[in-house]
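If you want the building blocks of each chain, they are given just below.
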Amino acid sequence: MVIFVKRCVALKKFSSIKNTIFYLIQKTIKIYFYEEIFINSPLNLLDFKFLNSIMKGEKRRFLMKKHTVDMTKGSIFKHIIKFAIPIMLAGVLQTLYNAADMVVVGKFAGKNDLAAVGSTSSAINLLISIFVGLSSATNVIVARKFGAGNKSGVSKAVHTAIAVCICGGTALMILGILLSRKILVWMDSPDDVIGLATLYMRIYFAGIPAMLLYNFGSATMRAVGDAKRPTYFLMASGLINVSLNLVFVIIFKMGVAGVATATVIAQIVSALLVLRCL
């Protein structure tokens, strides 16, 4: 260790005491894992940014291992239960977005607002079911590539899924905003609430790309055995949705527009959290 410090000082790699301390802490923690790198590698590898990237990679692998269910070891029945419960819970939580909106507007806004949000629930639940079904294709492809040890194939599948989400989600968003009123007319929504219902649907459709990104991203994570974190992210976004619902409806008196905006923000948060793990 003393020799290592002398080499670093001789190379003048550190510009401050703070960087020196942080560097030495990293070295102490990882000395058993990276001894070969420090001893046998050329001097230009002894770089602060290089070490920091290694630390981040180790942390990422540790978190993935911590939340992943390995179906090849231990009791199959136990693993299936551990893997299935978060998936079922996630499906329920996604449908509760609309239910939470109905509860808040019904309690603090008015009857017309409640009727408007309620008249959109069938269309929204249909959309969620379609997106969950589409994401299953990503799950299958990524799982096959991951099981075969084809890292480049996994990367290609994930990037393709993200591109589909962005392009397809944008197209669906535009169509949904343009056709919201027509869809509600086809569903025989009452004339006295169709205006508010159209407003809710149009704002909701603005969050379609984020909803697609979450569903495709969570399907990718489940394909490698991580069913817990997507559910945790959905729980967090659900809490954000309810909190913002109360703020927008009670404080800002936004009514239907408030609960729809809160839902879109919550969907964006869940999508960003999933993308951060990919």
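Up top you'll find the structure we're talking about.
Keep in mind the model is a prediction, meaning the values are calculated, not measured.

Scoring rules and cut-offs
Residues numbered from 1 in each chain as written. Predicted model: local features only at pLDDT ≥ 70, side-chain atom pairs only at ≥ 80, totals over all residues. Heavy atoms only, no water. Core = buried A, V, L, I, M, F, W, Y, C linked by side-chain atoms within 4.5 Å. Buried < 20%, exposed > 50% of the residue type's maximum accessible area, 1.4 Å probe, protein only. Helix = DSSP H or I, 4+ residues; strand = E, 2+ residues; numbered from the N terminus. Contact = heavy atoms within 4.5 Å. Expected span 1.5 Å × (residues − 1). Arc of directions from axis to C-beta. Salt bridge = Lys/Arg side-chain N within 4 Å of Asp/Glu carboxyl O. Patch = residues over 30% accessible without salt bridge, like charges linked within 9 Å, V, L, I, M, F, W, Y side chains within 5 Å. Areas by Shrake-Rupley, 256 points an atom, 1.4 Å probe, with all protein chains shown as cover.

**Things to note about the nonpolar core**
Part 1: Membership of the largest hydrophobic core comes to 30 residues, with the highest contact counts inside it found for Tyr-200, Ile-208 and Val-259.
Part 2: Of all the secondary structure elements, the ones that give two or more residues to this core are helix 5 (76–108), helix 6 (111–119), helix 7 (121–147), helix 8 (151–186), helix 9 (194–205), helix 10 (208–223) and helix 12 (256–277).
Part 3: Apart from the residues lying within four places of it in its own chain, the contact partners of Ile-208 are Leu-127, Phe-131, Gly-169 and Leu-172.
Part 4: Membership of the second largest hydrophobic core comes to nine residues, among which are Leu-93, Tyr-97, Leu-234 and Val-274.

**So, helix 9**
Part 1: For helix 9, spanning 12 residues, the distance from its first C-alpha to its last is 16 Å, which sits close to the expected 16 Å at 1.5 Å a residue.
Part 2: Within the sequence span of helix 9, burial applies to Ile-194, Ala-197, Thr-198, Tyr-200, Met-201, Tyr-204 and Phe-205. Taken around the axis of helix 9, the buried residues stretch over an arc of 165 degrees, which confines them to a single face.
Part 3: Those residues of helix 9 that are buried are in contact with helix 5, helix 6, helix 7, helix 8, helix 10 and helix 12.

**Some words on the pattern of salt bridges**
Part 1: The full count for this structure, using the stated rule, is one salt bridge.
Part 2: For Arg-229, the salt bridge is made with Asp-226, and the minimal N-O distance between the two is 2.7 Å.

**Section: unusual backbone geometry**
Part 1: Residue Asp-188 is not a glycine yet carries a positive backbone phi of 60 degrees.
Part 2: Here Asp-188 lies in the loop between helix 8 and helix 9.
Part 3: On the accessibility criterion, Asp-188 (66% relative accessible area) is exposed.

**Quick notes on a nonpolar patch on the surface**
Part 1: On the surface, a nonpolar cluster with roughly 610 Å² of combined accessible area is contributed by Phe-108, Val-242, Leu-246, Ile-250, Ile-251, Phe-252 and Met-254.
Part 2: Considering each element in turn, the nonpolar patch owes the most residues, four residues, to helix 11 (residues 228–251).
Part 3: Within the secondary structure layout, Phe-252 lies in the loop between helix 11 and helix 12.
Part 4: For Phe-252, a relative accessible area of 51% gives the class exposed.

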